[in-house]
Amino acid sequence: MFMFNQHKSERSHNMVSRILARRKCSKTQEEVVGRLEVVSLPSLLPKGLPVANYASDKGIPFHEWPDIGACDHFDVGVVASFGRLLSEDLILKFPYGILNVHPSLLPRWRGPAPLIHTVLNGDETTGVTIMQIRPKRFDVGPIVMQEAFPVPPKCTSKELEAVLSKQGAEMLISVFKDLPERLRTVVEQPREGVTFAPKISAATSCIRWSEQTPEQIIRLERAIGFAMPLQAVWNGAPIKLLDFVEVPDFLITSDFPRFPGSIQYLSASQIIAVCCKDGWVGIRSIKLRKKMSAKDFYNGYLHPWFVKTTDIPLEECRFYTLHLPPKSKNPKRRSVSNIGC
């Protein structure tokens, strides 16, 4: 088996380890994988790629794309979070083609970020699809095997990745046990129900207070918080907001201003409550110049003494939406705007 994986994901590292473990199973069991080599994209990570380090420790031959070594003597290739289109010539080098292990119930969430969009959308069910790769196309090939799994309540996309990587590895082993028959019974993907999971940009982390509900903001943190904190603007400066929680509306003072982004400190629970669409969302930690608790932020920036000495109107003591400029090749500065909520 030849495995292609992208350096930004741990999924292939977990998959390689499980395949290798099954390869070294008891003598009474049939060997599933006779030979394994790994290809990954180049990386400048100081500690090296997890999958590359694992391959080195276990004596698995490792190649950096586009160098794939001599792959003609392998039966099948496997793609896991690789992010590169493969040519027909490469696919035809393998008698059984190249399979893709994709963490969604295709055709739902085609694209590079299915786990993030699963959490972001609040899906209750997800799954793993093993499919055949088609030349110069992403996530459109026939389905070899597909299984559905419930999304654990309140899980993050990284936690979901750990669950589905385990399931995907076990499914892949199952496919290998009867590969010729599996490939004879593939099913084309339905034309209905296609959704796309594009890459996430920094602009996704900017909270839109007047447009997003508390549930949507909390899901946003669970989806992308591992890679980028959610952002807003405070007093003209960008600010990072961390550790979001639900806030019942009855905790908010009835006469408190309810502009999008309005802030109220709840001393009993020591959280900052922020007004958004259809309710309030709580924040436990904030990073301005340094990370601080909600209580410290209140004492330093929201306490009545501070507001009085700085002559800031109460209605201006709120978070605004951070508007990032379009992505450029050589970003040097980013603009901060208080326009809109």
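The following paragraphs examine the structure supplied in this document.

Conventions used here
Residues numbered from 1 in each chain as written. Predicted model: local features only at pLDDT ≥ 70, side-chain atom pairs only at ≥ 80, totals over all residues. Heavy atoms only, no water. Helix = DSSP H or I, 4+ residues; strand = E, 2+ residues; numbered from the N terminus. Contact = heavy atoms within 4.5 Å. Areas by Shrake-Rupley, 256 points an atom, 1.4 Å probe, with all protein chains shown as cover. Phe/Tyr/Trp six-rings, centres within 6.5 Å; stacked < 30°, edge-to-face > 60°. Buried < 20%, exposed > 50% of the residue type's maximum accessible area, 1.4 Å probe, protein only. Salt bridge = Lys/Arg side-chain N within 4 Å of Asp/Glu carboxyl O.

1. Focus on the overall build of the protein chain
Stage number 1. Within the protein chain, the regular secondary structure consists of nine helices and 13 strands.
Stage number 2. Taking as baseline every contact in the protein chain between residues at least 6 positions apart, the subset at least 24 positions apart corresponds to 63%.
Stage number 3. About 18000 Å² of surface is accessible on the protein chain, with carbon and sulfur atoms providing 51% of the total.

2. Section: the packing of aromatic side chains
Stage number 1. Per the stated rule, a full pass over the model turns up eight aromatic pairs.
Stage number 2. Centre to centre, the rings of Trp234 and Phe297 are 5.4 Å apart; their planes meet at 65°, and the pair counts as edge-to-face. Note that Trp234 is positioned in strand S8 (residues 230–234) and Phe297 in helix H8 (residues 294–302), a separation of 63 residues in sequence. As far as the burial class goes, Trp234 and Phe297 line up, both buried.
Stage number 3. For Trp234, a relative accessible area of 4% translates into the label buried.
Stage number 4. Through pairs of rings, three or more aromatic residues link up here, namely Trp209, Trp234, Phe297, Tyr301 and Phe319.

3. Things to note about the pattern of salt bridges
Stage number 1. Here the structure, examined in full by the defined rule, presents seven salt bridges.
Stage number 2. Arg219 is the salt-bridge partner of Glu215, the closest N and O atoms lying 2.9 Å from each other. Of this pair, Glu215 and Arg219 are both found in helix H7 (residues 214–224), four residues apart, which corresponds to roughly one turn of the helix.
Stage number 3. Among the salt bridges present, the one from Arg258 reaches Asp249, with a minimum N-O distance of 3.3 Å.
Stage number 4. Given a relative accessible area of 40%, Arg258 falls into the partly exposed group.

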